[in-house]
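# A closer look at the structure
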Amino acid sequence: MEIEVDSHTHTVASGHAYSTLAENVQVAAERGLKLLAITDHGPAMPGAPFIWFFMNMKILPRIMNGVGLLRGVEANITSWEGDLDIDEDLYQVMDIVLVSLHEPVVTPTDITTHTDSVVKAMASGRMDVFAHGGNPAFPINADQVAKAAVEYNVLIEINNSSFTTSRQGSEKNCAALAEAVALHGGYLTFGSDAHLADKVGGFDDCRAFIETIGFPRERIMSCNGKGFIDFLKSRRNNADLTGFDPLFAG
Ligand SMILES: [Zn+2]
Ligand SMILES: [Zn+2]
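Residues numbered from 1 in each chain as written. Chains lettered and ligands numbered in written order. Predicted model: local features only at pLDDT ≥ 70, side-chain atom pairs only at ≥ 80, totals over all residues. Heavy atoms only, no water.

### Description of the overall build of the chain
For clarity, the threshold we go by: Every helix listed is a DSSP run of H or I at least four residues long, and every strand listed is a run of E at least two residues long, numbered separately from the N terminus. Two things to know: the radius of gyration comes from C-alpha atoms, and the globule rule equals 2.2 Å times the number of residues to the power 0.38. Only protein chains enter the accessibility calculation, which uses a 1.4 Å probe. A residue is then buried if its area is under 20% of the maximum for its type, exposed if over 50%, and partly exposed in between. Residue contacts are counted whenever heavy atoms from the two residues lie within 4.5 Å of one another. Values of accessible area rely on a 1.4 Å probe in the Shrake-Rupley scheme; residue burial ignores everything except the protein chains shown.
When helices and strands are tallied, the chain shows 8 helices and 8 strands. Its C-alpha radius of gyration of 16 Å places the chain within 12% of the 18 Å reference for a compact globule of 250 residues. Within the chain, the proportion of its 250 residues that are buried is 53%. The long-range fraction of contacts in the chain, counting pairs at least 24 apart against all pairs at least 6 apart in sequence, stands at 80%. Carbon and sulfur atoms provide 51% of the accessible area of the chain, an area that totals close to 10200 Å².

Following this line, the structure appears as structure tokens:
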């Protein structure tokens, strides 16, 4: 299974990650990725960059070292009303917005409250990808979340780090989520969640997971760089993503 997109990576800007953007791009190029999403933590996370870091991503080239750079953020749900730490203006200038539940930002409560907040955040229109939804610290109703993801045109992330170094015990929840996504006709994306360049584009555990549950490959957006760009275009008014066209020419 060829994977063309890593939709979730961090740089030193996140405050607890260890590689630069250039180092991440180098590894992405070596591993043959077509698209690399740079998704440092949103402003509500302790140690995360100031909002200007994200606003200024417009200076980044569209293609670096043969790899398409998606200007992104891993935004936070900041309240059980589904509020986010990014506003509409920032959403519109980002190529990709992941949304996550993180313990330093919100304290886990109950499954209904978690689920409602995720669905509300999807309904806000400012979520492209729901990240690491299998986290056992924040149990959710997989069926309701997958259904809402289809309704609001949101990708569900399968996070490689959830099977290795982070969020122990995610497998069962990830399987339930992926199965619900398949049932409702939605799409998955793969994120390495690399906090070190060495992990960029590393999807061995995601591949093994997909084999185990038998998820249909054509519903994994990370396998299709061009499809991934088309998905992002479909979510934004006036998105100018034409700079990536050379990657998919011929
Ligand atoms: Zn992090
Ligand atoms: Zn995260």
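### Comments concerning the pattern of salt bridges
What counts, and what does not: A pairing counts as a salt bridge when a side-chain nitrogen of Lys or Arg comes within 4 Å of a carboxyl oxygen of Asp or Glu.
The tally for this structure, following the rule as stated, stands at 8 salt bridges. Between Arg235 and Asp128 there is a salt bridge, with the nearest N and O atoms lying 2.5 Å from each other. Taken together, the positions of Arg235 in helix α8 (residues 225-235) and Asp128 in the loop between α4 (111-123) and β6 (129-130) put the pair 107 residues apart, joining distant regions of the chain. The class of Asp128 is buried, set by a relative accessible area of 0%. Among the charged side chains, a salt-bridge network with shared partners connects Asp128, Arg235 and Arg236.

### Side note on a nonpolar patch on the surface
Here is the rule we go by: Like charges are joined within 9 Å and nonpolar side chains (Val, Leu, Ile, Met, Phe, Trp, Tyr) within 5 Å, but only among residues with over 30% relative accessible area and no salt bridge; these make up the patches.
A cluster of nonpolar residues, Phe50, Trp52, Met55 and Val93, forms a patch on the protein surface that exposes about 460 Å² of accessible area. Structurally, Trp52 is set in helix α2 (residues 51-55).

### Some remarks on empty space enclosed by the protein
One simple way to see leftover space: roll a probe sized like a water molecule over the atoms. Put simply, the rule is: Only protein atoms enter the 1 Å grid used here, on which a cavity is any set of points holding a 1.4 Å probe that cannot leave and a pocket is any open set flanked by protein within 12 Å on both sides along at least five of seven lines; residues with an atom within 4 Å of a point are listed as lining. Grid points are joined across faces, edges and corners, and a volume is the space filled by probe spheres set on the points. Residue classes follow a fixed rule: Ala, Val, Leu, Ile, Met, Phe, Trp, Tyr, Cys and Pro count as nonpolar, while Asp, Glu, Lys and Arg count as charged, and any other residue, Gly among them, counts as polar.
Under the criterion given, the structure shown has 1 cavity of 30 Å³ or more. Counted as a void, the largest cavity has a volume near 50 Å³. What lines the largest cavity is simply Leu101, Phe130, Ala131, His132, Gly133, Asn135, Phe138 and Ile140. For the lining of the largest cavity, the residue count by class is 5 nonpolar, 3 polar and no charged.

### A look at helix α7 (residues 204-213)
The periodicity of an α-helix, 3.6 residues per turn, causes residues three or four places apart in sequence to face the same way. As a reminder, the rule being used: Picture the helix axis, draw a direction to every C-beta atom, and the arc is the one those directions span.
Within α7 the residues assigned to the buried category are Cys206, Phe209 and Ile210. Looking straight down α7, one finds its buried side chains confined to an arc of 95°; they lie on one side. Along α7, exposed side chains directed more than 90 degrees from the buried face belong to Asp204, Glu211 and Thr212. Where the residues of α7 are buried, they touch β7 (155-159), α6 (171-184) and β8 (188-191). Positive phi appears at Gly214, one or two residues downstream of α7, with a value of about 65°.

### What to know about the nonpolar core
Rule in force here: The set of buried Ala, Val, Leu, Ile, Met, Phe, Trp, Tyr and Cys residues whose side-chain atoms join them within 4.5 Å is what this entry labels a nonpolar core.
If you look at the biggest cluster of nonpolar residues, it comprises 59 residues, and the most contacted ones within it are Leu36, Val118, Met122, Phe130, Ile156 and Ile158. A per-element tally of this core places α6 first, with 6 residues. When residues no more than four places from it in sequence are discounted, the contact partners of Val118 are Ile77, Leu101, Met127, Phe130, Ile140 and Val145. Membership of the second largest hydrophobic core comes to 17 residues, among which are Leu98, Ala131, Met221 and Phe231.

### Looking at the coordination of the zinc ion (ligand 2)
The line we're drawing: In this listing, donors mean N, O and S atoms no farther than 2.8 Å from the metal, or 3.2 Å for Na, K and Ca; water is missing from the atoms, so a site can look incomplete.
Glu74 (OE), His102 (NE2) and His132 (NE2) make up the full set of protein donors to the zinc ion (ligand 2), lying at 2.1 to 2.2 Å. Written as a sequence motif, the donor residues of the zinc ion (ligand 2) are E-x27-H-x29-H. Looking at His132, the relative accessible area reads 5%, which means it is buried.

### So, the coordination of the zinc ion (ligand 1)
Tetrahedral coordination by four donors places them ideally at 109.5 degrees to one another around the metal; octahedral coordination by six donors ideally gives 90 or 180 degrees. Bound to the zinc ion (ligand 1) on the protein side are His16 (NE2), His41 (NE2) and His195 (NE2), at distances that span 2.0 to 2.1 Å. In this model, the zinc ion (ligand 1) sits 5.4 Å from the zinc ion (ligand 2). Placement of the pair is His41 in strand β2 (residues 35-41) and His195 in the loop between β8 and α7, with a sequence separation of 154 residues. What makes His41 buried here is its relative accessible area of 3%.

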